[in-house]
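Below are the chains, spelled out letter by letter.
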Amino acid sequence: MVMAYLLPRLQSLKKSLLELLFEVGAFAYAGVCGLIAAQCMVLNAPSSVQTLTVANAMSYGAAMASRNAGRPAIAIGQLVLAAGPVIIAGAISPDLAHRVLAGITALFLPAMISISVSIFEVMRTSIAAAETSTRLAEKMQLLARTDVVTGLYNRAGLNHHLVERLMRLQGNRKFALFWLDLDRFKEVNDTLGHPVGDRVLSEIATRLRKQCPPDATIARFGGDEFIIACETDSRGELETLAASLLEAITQPIRIDGDRLQIHSSMGIAMMPDDGNDIDSLMQGADLALYHSKVNGRNQFSFFDPSMTRDLVRRREIESELRLAIQREELSIYFQPIVDLGTGRIRSFEALVRWFHPEKGELKPDEFIPVAEETGVIITLGNWITAQAAKTAAQWPEDVTLCVNLSPLQLRAPGAALGILGAIREAGLKPSRLELEITESVFLEADETTDNFIRQLAAEGVRFALDDFGTGYSSLGYLDKYPFSKIKIDRSFVSGLDVGRKSDAIIRAVAEMANTLEMEIVAEGLETVEQVRAVRAAGCTLGQGYYFSRAVPDYLAALLLVQEHEGARRLTA
Ligand code: C2E
Ligand code: CA
Ligand code: CA
């Protein structure tokens, strides 16, 4: 502690002492040169000696005037001390030669002084210019490494800082990387505009700064992604930080009277546990982030080697999905949607199944997102509609078919005509087809979306809003598009959210649907209590394991036959 205080002071004392010693030495040497020359003149030493000593004093003075021009006081001092005695000795000497010498030297003195002053000026301006350009270069570099919206580092800044941090990393400390992605941020941009989106990002950045340790590196990694890098001693410390970050981001943001709530997903990887270089750390955090997203978002995950296996599996699914249709590994199952008043089956929802020869049954939740990402969903979707329509054409006239439609499908060229063609070929009337779409369709809604819906609606095809309550839930869509049904997401019925709050939401949605003359379906009904509760809340239709799981076409037909024969009603 004491040393830390004393050391810099001792060093600066040493520096000024050396400086003084240099000045004294310089002046003394110049003075001695001048005095020797003057002495030789006064004593009238042999002319060769006088010439030598005077020449020595003058050339030393001249040389020093330019060498020390950076410090003009020393340069001029040395010049005066070297030349002064010669001028004085010459001026008082009766010898004409000495007097001429004194005169020449007296003229030489101001000339040399002016030279050293101008050298000094030139040096000063060029040093100033160099300093300005260094400062400018530093500023430009800082700008190139900063994100303008948030003031955080950008991608380039992050890379630079990560390299620096890793070089400084000490002994057994761990180095953690957080990869953060705001959930559904695109919706904010799309519905409220980019300027609002930017303000949200900037607010999030402020919150991140507040929560992170002061020495953490925080960067905006493009779009709505952020990266935080910090050192730590334990995983527990990181868990606390991750939880506090999620919590801080979730706090409502007020912008121009709007109250926004943003959630985020997070992936965390650590060095040396998950990798020994930045690339593997980034890869780990990215995989962990992906894991958080697929598991329902608004959470954090630490990297785990199994995630790499998941990625491999995903890649396999991606490559095998195209072949699955040709190999007839896919089939369509049907889950009844039941009238809660009468217990009769009103429709069946077509749900695709993949029976893989080696991997066994694959869940649509696993392969549909892959199909969407790769665009295979268009081929797959057409196939599903055509197959399901063929089955549905065999059912009684009053039983309808519900088919799920991915956003990409309805934007594909000729999508509406494709669907109409498929049902015509199967012999299914358009009014018996209901397309289930989620709110995500409307995030990028444009003319294509509108035309698709209007064209099919004009033919009599109906639309249902699927998974209601999980997305942005803007009621504007309900007004704008001709929905005949709202399907309340199963998380409200059987998920974690179940309780008084979700009951109130179901009631409100049911009431609204009633007013708009839409039907309301409760999804995921598994128990008789749930069936009774949603019916009491105003839902008109129900779907779920309580009634039946999704079954192959022949079992769906059997359910209809049993119902027709009055043998069985799916009532509660
Ligand atoms: P979704 O449209 O919400 O379909 C309902 C899902 O809930 C189905 O899962 C169904 O089996 C399941 N489910 C029904 N009743 C219950 C219940 O009582 N409890 C529980 N826990 N679950 C129940 P599935 O078949 O695994 O499909 C998952 C999702 O995959 C679907 O969600 C849909 O988004 C997508 N999907 C399925 N088939 C297709 C398809 O043919 N095309 C497209 N584009 N997406 C599909
Ligand atoms: Ca559905
Ligand atoms: Ca659904």
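We now turn to the structure provided with this report. (Residues numbered from 1 in each chain as written. Chains lettered and ligands numbered in written order. Predicted model: local features only at pLDDT ≥ 70, side-chain atom pairs only at ≥ 80, totals over all residues. Heavy atoms only, no water.)

Some thoughts on the site of ligand 1
Not every one of the 21 residues close to ligand 1 is listed here, only the nearest: Gln 335, Arg 353, Arg 490, Glu 526 and Tyr 545. One of the side-chain N or O atoms of Asn 404 is found 3.0 Å from an oxygen atom in ligand 1. Burial of ligand 1 by the protein amounts to 87% of the accessible area it has alone, namely 790 Å². Secondary structure elements with two or more residues in the shell around ligand 1: β9 (345-356), α11 (364-374) and β13 (462-468). At four residues, β9 tops the list of elements feeding residues into the shell around ligand 1. Residue classes in the shell around ligand 1 are distributed as seven nonpolar, six polar and eight charged. (Near = heavy atom within 4 Å. Polar contact = N/O pair within 3.5 Å; in protein donor to acceptor, adjacent residues only side chain to side chain. Areas by Shrake-Rupley, 256 points an atom, 1.4 Å probe, with all protein chains shown as cover. Helix = DSSP H or I, 4+ residues; strand = E, 2+ residues; numbered from the N terminus. Nonpolar A, V, L, I, M, F, W, Y, C, P; charged D, E, K, R; others polar.)

Observations concerning the nonpolar core
Ranked by size, the top nonpolar core spans 79 residues in total, and within it Leu 401, Leu 435, Phe 452 and Phe 483 carry the most contacts. Other than its neighbours up to four places away in sequence, Leu 401 contacts Phe 334, Phe 348, Ala 350, Ala 388, Ala 389, Ala 392, Trp 395, Leu 428, Arg 432, Leu 433 and Glu 434. Counting residues in each nonpolar core, the second largest holds 33 residues, with Ala 216, Leu 238, Ala 242 and Ile 249 among its members. (Core = buried A, V, L, I, M, F, W, Y, C linked by side-chain atoms within 4.5 Å. Buried < 20%, exposed > 50% of the residue type's maximum accessible area, 1.4 Å probe, protein only. Contact = heavy atoms within 4.5 Å.)

Considerations on the pairing of strand β8 (residues 330-339)
Counting buried residues along β8, nine of its ten residues qualify, which places the element largely inside the surrounding structure. Strand direction decides the pairing type here: β8 and β9, joined by nine bridges, are antiparallel. Counterpart to Ser 331 in the pairing with β9 is Arg 353. Connecting the antiparallel pair β8 and β9 is a turn made up of five residues, with Gly 343 showing a positive phi of about 80°. (Pairing = 2+ DSSP bridges.)

Describing the coordination of the calcium ion (ligand 3)
For the calcium ion (ligand 3), every protein donor is listed as Asp 466 (OD), Asp 467 (OD), Glu 523 (OE) and Glu 523 (OE), and the spread of their distances is 2.2 to 2.5 Å. As a motif over one chain, the donors of the calcium ion (ligand 3) read D-D-x55-E. When its relative accessible area of 25% is taken as the criterion, Asp 467 is described as partly exposed. (Donors = N, O, S within 2.8 Å, 3.2 Å for Na, K, Ca; no water.)

Digging into the environment of Val 531
For Val 531, the location among the structural elements is in helix α18 (residues 528-536). On the basis of relative accessible area, Val 531 is assigned to the buried category, the value being 1%. C-alpha of Val 531 to C-alpha of Phe 185: the two residues are 346 residues apart in sequence and 35 Å apart in space.

Digging into the coordination of the calcium ion (ligand 2)
Distances from the calcium ion (ligand 2) to its protein donors, Glu 349 (OE), Asn 404 (OD1), Glu 436 (OE) and Asp 466 (OD), fall within 2.1 to 2.3 Å. Sequence spacing of the donor residues for the calcium ion (ligand 2), all on one chain, is E-x54-N-x31-E-x29-D. In this model, the calcium ion (ligand 2) sits 3.8 Å from the calcium ion (ligand 3), the two metals being bridged by Asp 466. Of this pair, Glu 349 sits in strand β9 while Asn 404 sits in strand β11 (residues 400-404), placing them 55 residues apart in sequence. Residue class for Glu 349 comes out buried when judged on its relative accessible area of 4%. Given a relative accessible area of 29%, Asn 404 falls into the partly exposed group.

Comments concerning the pattern of salt bridges
Enumeration according to the criterion identifies 32 salt bridges in this entry. The closest approach of N and O atoms between Arg 173 and Asp 233, which form a salt bridge, is 3.2 Å. Remark: Asp 233 occurs in the loop between β3 (225-232) and α8 (235-250) and Arg 173 occurs in the loop between α5 (155-168) and β1 (174-182); sequence separation between them is 60 residues. Exposure remark for Arg 173: the relative accessible area of 28% places this residue in the partly exposed category. Lys 487 is the partner of Glu 523 in a salt bridge, and the nearest nitrogen-oxygen pair spans 3.8 Å. (Salt bridge = Lys/Arg side-chain N within 4 Å of Asp/Glu carboxyl O.)

Observations concerning a nonpolar patch on the surface
Together, Leu 6, Leu 10 and Leu 13 make up an exposed nonpolar region whose accessible area comes to about 280 Å². In this fold, Leu 6 is placed in helix α1 (residues 2-42). Judged by its relative accessible area of 36%, Leu 6 is partly exposed. (Patch = residues over 30% accessible without salt bridge, like charges linked within 9 Å, V, L, I, M, F, W, Y side chains within 5 Å.)

Quick notes on unusual backbone geometry
Outside of glycine, negative phi angles account for most residues, and trans bonds account for most peptide bonds. Cis geometry marks the peptide bond from Met 271 to Pro 272; its omega dihedral reads 10°. Mapped onto the elements, Pro 272 comes out in the loop between β6 (264-271) and α9 (278-294). One non-glycine residue with positive phi stands out, namely Asn 44, at about 50°. On the secondary structure map, Asn 44 appears in the loop between α1 and α2 (47-67).

Quick word on the packing of aromatic side chains
Under the criterion given, the structure shown has eleven aromatic pairs. Arranged with centres 4.8 Å apart and planes meeting at 70°, the rings of Tyr 29 and Tyr 60 form a pair that is edge-to-face. Of the two residues, Tyr 29 sits in helix α1 while Tyr 60 sits in helix α2, which places them 31 residues apart along the sequence. Between Tyr 333 and Phe 355, the aromatic rings sit 5.9 Å apart at their centres with planes inclined by 45°, giving tilted as the arrangement. (Phe/Tyr/Trp six-rings, centres within 6.5 Å; stacked < 30°, edge-to-face > 60°.)

Some thoughts on the packing of helix α6 (residues 185-192) against helix α7 (residues 194-211)
Running from N to C, α6 and α7 cross one another at 140°; their axes reach a closest spacing of 7 Å. The angle between α6 and α7 places the two elements in the oblique class. The segment α6 lies against α7, with Phe 185, Val 188, Asn 189 and Leu 192 engaging His 194, Val 196, Gly 197, Val 200 and Leu 201. The residue inventory of the contact of α6 with α7, partitioned by class, reads six nonpolar, three polar and no charged. (Axes fitted to C-alpha atoms, helices over the stretch in contact; angles between N-to-C directions. Parallel < 35°, antiparallel > 145°, perpendicular 65-115°, else oblique.)

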